[in-house]
Amino acid sequence: MLAPAMYSTTKRILVGKPIASAEEHHQRLRKIVALPVFASDAISSTAYATDEILVVLLIQAHIGAAAWQYLVPIALIVCVLLTIVAVSYRQTIFAYPGGGGSYIVSRENLGTIPSLVAGSALLIDYTLTVAVSVAGGVLAIRSAAGFDQKWTVPLCLLCIVLMTVANLRGVKESGGLFAGPTYFYIVMLVILIVTGLIRIFVFDLGPIPLTEEGELLSEETQTLSFLLLLRAFSSGAVALSGVEAVSNGVPAFKRPEARNASRTLISMAVILGTTFLGVSILAAHLEPYRGEEDPTGIALMAAWIYDGEGVLFWLTQISTFAILILAANTAYADFPRLSSIISRDGFLPRQFKNRGDRLVFSNGIIFLAVMASFLIVVFDGNISALIPLYAFGVFTGFTLSQAGMVVHHFRFKEPNWRLNAAINGLGSVTTGIVALVVVVSKFTAGAWIPAVLIPVMVLGLRMIGKHYEHVHEAVHVPTSYRAPRHTHYVVVLVGSVNKGALNAISYARSLAPDRLIAVSVVGDASEQEEVVRAWAEYNIPIELHTISSPYRELSRPVLRYLDELDAESTDDIITVVIPEFVTGWSSHFLHNQSALALKARLLYRPNTVVTSVPVLVD
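Residues numbered from 1 in each chain as written. Predicted model: local features only at pLDDT ≥ 70, side-chain atom pairs only at ≥ 80, totals over all residues. Heavy atoms only, no water.

Trainee: Even after reading the chapter, I still don't get the sheet that holds strand 4 (residues 573-582), so can you show me in this structure?
Mentor: Strands belonging to one sheet form pairs held by backbone hydrogen bonds; the direction of such a pair is parallel or antiparallel. Read from one edge of the open sheet, 5 strands run 3-2-1-4-5, paired in parallel fashion. The sheet is open, and its two edges are formed by strand 3 (543-548) and strand 5 (608-616), each paired on a single side. Taken pair by pair, the neighbouring strands of this sheet meet at an average axis angle of 30 degrees, ignoring direction. With 5 bridges joining them, strand 1 (residues 488-493) and strand 2 (residues 515-522) adopt parallel strand pairing. The residue of strand 2 that forms the bridge with Y489 is R515. Set on the sheet, helix 22 (residues 555-566) makes contact with strand 1, strand 2, strand 3 and strand 4; between it and strand 2 the angle comes to about 150 degrees. (Pairing = 2+ DSSP bridges. Helix = DSSP H or I, 4+ residues; strand = E, 2+ residues; numbered from the N terminus. Axes fitted to C-alpha atoms, helices over the stretch in contact; angles between N-to-C directions. Contact = heavy atoms within 4.5 Å.)

Next comes the structure, spelled out in C-alpha cells:
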C-alpha cells in the first residue's frame, strides 16, 4: 500500500488537488490571460522567423549583400498573408464556437478524410511547436551565455518536463503562470524595435561590423533563383504558426466565448505582424549575420543597439528565452483539446477524451510531451533542422480550414457571405500555394517527413475509427433483443487447500451456478494424492477434478478442460474463479504470475468470465 500512497502524495504536490466538474466554468480564461496561453506560439516566432529567412538568403542562396534587399519585401508579403489568415479564422470562431478549428470546419464541410488530414496536420504541428519552441529558447540562452552544445538536449528535455507539470495543474493556473513572461517579451521586443529604429533613422546607426566569415559571405554575388526565393518566403512564413490556436480553444474562454476569442485573435495578429515587420526592418539595416554557430539575429542586434551586453541586452535575451519556451504552452493548450475532439469522433483512443483531476486532458498532455521529447533527441535540439518539418502541417491546416469555410458560406448564406467566401477562397488558395512551396522547396531538407507522415497518420486514425465502428456494431442490440438463457458453469482453480481456495469456493457457491467444479492442475501422482487427501480431510462438498500436467503447464491444460465442458453446448457460460494473494507492493511480484498468464489467455475465450478472489496477506 506504500507505493499508491507515495504516488498519490507526489501527484498532489506536483499537480494539485482535484477540481470538481462543476467548477469547469471557473477555470475559463479572461482575454488578458488567454492571449499568452493561445498566442505565445505565434508571437514567439518573431524571435526566429527573420533568422530563418536569412539562413536561406545568406547561407543557402549565397547572394551576399543583396540578401538585405529581399528581407523587408518578404516580411511584408508574410504580413499580408497573416492578415488574410487571421480574418479567416475570426470567421471560423463565430461559425464554430465549440472549438476544433480546422478539424471541425473540415469535418462539417469537406468530409471525413479532409478532416482527418487537417487533424493529423494540426497534431503534428503542435508536437513540432513544442520541439521548435523549446529548442529556440535554449538556443537564445546559448547565444547569451555561450555554453557548450552538449547541454542543449538535456536542457530542452528539462524544459519539457517543467512545462508538462505546469499544464497538468490546469489551464487557468498555467495561464496565470505564463502570462507575465509573455508580456515581458512583448515589452522588451517593442523597446528593442523602437530604440533601434530611432538610432538608425535619427542617429544614423550603421550595420553591425562583419566577422571574417561574414566579410567573405558579403562578397558573394550569385543570382537568387526563384526556388530559393520561395524557400526564403516559406521559412519566414513560419511566423504564422499558431494563428489557428485561438479558434481551436474557443471553449476555454470566459463568456461570451466567441467574442472574447475573436478579440484575442485580432490582438495577437496585430502584435505578431507589427513586431515581425519591425524585427525584419531592423535586420535589413543592421545586417546581423547568422551563421550556423553564431548568436541569433535578435541577440546580435540587441548587443549593437544597446552598445554591448548590458542590462537591456540580458533582459531581451531572458525574455526571448522565456517566450520561446512558453510558446510550447499554445500546443499544450490545443493538442489535448483537439485530440479529445477527435477521440470523441472515434478516431483516437478513448483515453484522449477523458479529463484528469484538474479538468485538463491529462493523457493528451503526457503524450504530447513524450513525442516532443522524442523529436528533441532525434534532431539533437537543432531548431533549423526542425523548422522545415514545421511549416507544411501549418499551411495544410490553414488551407483545409479556409476551403471548408468557403463551403460553409455557400451552405448557410449568412450576411455578407459572398465577401467572406471570397476572403476565405483567397486565403485557401494562398496558403495552399505556400504549403506546396514548402514541400517542394524544402523537400530534401526534411519537409518530406510530414508530407509522408500525415497520410500515414490519416490511415492510422481511419483504422482506429473502423475498429470502434466494428465494436459498436458488435455490441449494439435492437430494442426487441432478449438475452438467451445460458447454462452457467463455475470452475474454481485450486492449487492446494488453503484459505484462498476455501474463500474462492465459498464465493463460487454464492453464484448459484448450474454446476460447480473445482479443478486442480497437478504435476505428478504424489501432488494429486496430496490434493485429494486434503479435499477429503476438509470435507469440501463439491466435485474435484485433477488434471495431470507432466510438463508443469497451467494455461493449456485448463483451456483444454474448459473446451471439454463447452463440447455439449456452445451457449454455456463458464466463470473461472481464481484465488489470488495480495501482498505489499514490494513483494507482489513474487505471487500470482501463473494466474496473470492464465487470465490473459482466458480474456480471448468466448463465453468465459474470469473472477479473482483476493486474499489479503499484508
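Following the structure, the description resumes.
Trainee: Is there a simple way to explain the packing of aromatic side chains in this structure?
Mentor: By convention here, two paired aromatic rings are described through the distance between centres and the angle between planes. Under the definition given, this model contains 7 aromatic pairs. Between Y89 and F398 the ring centres are 5.7 Å apart and the planes differ by 65 degrees, which places this aromatic pair in the edge-to-face class. Highlighted residues: Y89 in helix 4 (residues 67-95) and F398 in helix 17 (residues 383-412), separated in sequence by 309 residues. The same class applies to Y89 and to F398, which are both buried. Between F410 and W417 the ring centres are 5.0 Å apart and the planes differ by 75 degrees, which places this aromatic pair in the edge-to-face class. In this structure F410 comes out as partly exposed when scored by relative accessible area, which is 47%. Among the residues examined, W417 registers a relative accessible area of 12% and is labelled buried. Above the ring of W417, the side-chain terminus of K413 is found at 5.2 Å from the ring centroid. (Phe/Tyr/Trp six-rings, centres within 6.5 Å; stacked < 30°, edge-to-face > 60°. Buried < 20%, exposed > 50% of the residue type's maximum accessible area, 1.4 Å probe, protein only. Lys NZ or Arg CZ within 6 Å of the ring centre and 35° of its normal.)

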